[in-house]
Structures are given as structure tokens and as C-alpha cells.
Amino acid sequence: MLLHTYPGSFTEFLDLVPLLTDNFHLVIPSMPGMAFSTPVVDSGWTMDRVARVYDALMRRLGYDSYGSHGSDGGAMIGRELAVLDPDGFLGAHVLQLFSFPSGDPTEFEAFGPKEYAALEFAGWFQSVGATTR
């Protein structure tokens, strides 16, 4: 599964299709509410929810196993798929590194208001920011 950026569309991958289809089946969904997708009419479209919908899509298409590749918003959905780790999920390849707190209590000792504001924004973006309407 190829997962596009935010905002973006499946058209980002058109040049790759002829290079990959000899060896892979490709599923390139439109992120809910983006580009060629239908508009979302309810709230709560978190990256986790999109990952669960994409897993359901792959099952409905008949795939017992699959992997994902994405950058930006697609990387965030790929990460959620990896955390979800549904049966048959082979792995996520992401092109954007997102660093999350490790849990080490000393990790925030040098933080001030600016760093906490940035961390709060990153947490918001990770949970709902990219696809909520």
C-alpha cells in the first residue's frame, strides 16, 4: 500500500506504478477527505482511525498480508498501522522521522514553554491534526 502525503493524492505515485507492478500489487488509497476521496462528514478522523480503515480495505480487497510505504501524512498512517500490527501486516516503510517521547523522566528537564508548546502541537497533529474536519 502506498500512502500519500498531506495534502496530496495518489497521483504522487503515478511514476512508480509501472516500475513496481511487475513485482507487487499496488493499492494507493486517497486519504479520507483529501483530493479524490469523498469529503468526510463526521469528526474524529485520526491517523489511528485511517489506519484501521486502510486495514479493513486491504481485507475487503482479499489481501492476507501487505506492507505500507509513506511520507508525511502517509508516514503517520504507516506508523499507526505498525502500532496496530494487524494480522498479516508485514511492516511500514516511512520517509519521515517522527520522534516521540521515550518515557525517560530526564528527557524534558531542559524544556521551557516554547518546547512544551511544540510538543503539545506535535501530539495534537499526531492524534487528529492531519485529517480531522
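Let me sum up the structure you'll find in this document.

Quick notes on the nonpolar core
Then, number 1: One finds M1, L3, Y54, Y66, I77 and L81 to be the most contacted residues of the largest nonpolar core, which totals 17 residues.
Then, number 2: Elements represented by at least two residues in this core include exactly helix 2 (47-60) and helix 3 (73-84).
Then, number 3: Dropping the residues within four chain positions of it, I77 is found in contact with L3, M31, M47, V50, A51 and Y54.

Focus on the pattern of salt bridges
For side chains of opposite charge, pairing can occur when their charged atoms come near one another.
Then, number 1: All told, the structure shown has 4 salt bridges when counted by the stated rule.
Then, number 2: With a shortest N-O distance of 3.0 Å, R59 and D55 are connected by a salt bridge. Here the residue R59 and the residue D55 both occupy positions in helix 2, the gap between them amounting to 4 residues, near one helical turn.
Then, number 3: Residue classification places R59 among the partly exposed residues on the basis of a relative accessible area of 30%.
Then, number 4: A relative accessible area of 13% means that D55 is categorised as buried.

What to know about helix 3
Then, number 1: The end-to-end C-alpha separation of helix 3 is 17 Å, in line with the 16 Å expected for 12 residues at 1.5 Å each.
Then, number 2: Looking only at helix 3, the buried set comprises G73, G74, A75, M76, I77, G78, E80 and L81.
Then, number 3: Two residues or fewer past helix 3, D85 is found with a positive phi of approximately 45°.

Re the side chain of D55
Then, number 1: Here the side chain of D55 touches R59 through a polar contact of 3.0 Å, side chain to side chain.
Then, number 2: Setting aside residues up to four positions removed in sequence, D55 forms contacts with Y66, L81 and P86.

Some remarks on the packing of aromatic side chains
Then, number 1: In this structure the tally under the stated criterion is 5 aromatic pairs.
Then, number 2: Between F10 and F36 the ring centres are 5.1 Å apart and the planes differ by 50°, which places this aromatic pair in the tilted class. Taken together, the residues span a long stretch of sequence, with F10 in the loop between strand 1 (2-3) and helix 1 (17-20) and F36 in the loop between helix 1 and helix 2 at a distance of 26 residues.
Then, number 3: We classify F10 as partly exposed; its relative accessible area is 28%.
Then, number 4: On the numbers, 5.0 Å between centres and 75° between planes, the contact of F108 with F111 is edge-to-face.
Then, number 5: Judged by its relative accessible area of 29%, F111 is partly exposed.

Definitions and cut-offs
Residues numbered from 1 in each chain as written. Predicted model: local features only at pLDDT ≥ 70, side-chain atom pairs only at ≥ 80, totals over all residues. Heavy atoms only, no water. Core = buried A, V, L, I, M, F, W, Y, C linked by side-chain atoms within 4.5 Å. Buried < 20%, exposed > 50% of the residue type's maximum accessible area, 1.4 Å probe, protein only. Helix = DSSP H or I, 4+ residues; strand = E, 2+ residues; numbered from the N terminus. Contact = heavy atoms within 4.5 Å. Salt bridge = Lys/Arg side-chain N within 4 Å of Asp/Glu carboxyl O. Expected span 1.5 Å × (residues − 1). Polar contact = N/O pair within 3.5 Å; in protein donor to acceptor, adjacent residues only side chain to side chain. Phe/Tyr/Trp six-rings, centres within 6.5 Å; stacked < 30°, edge-to-face > 60°.

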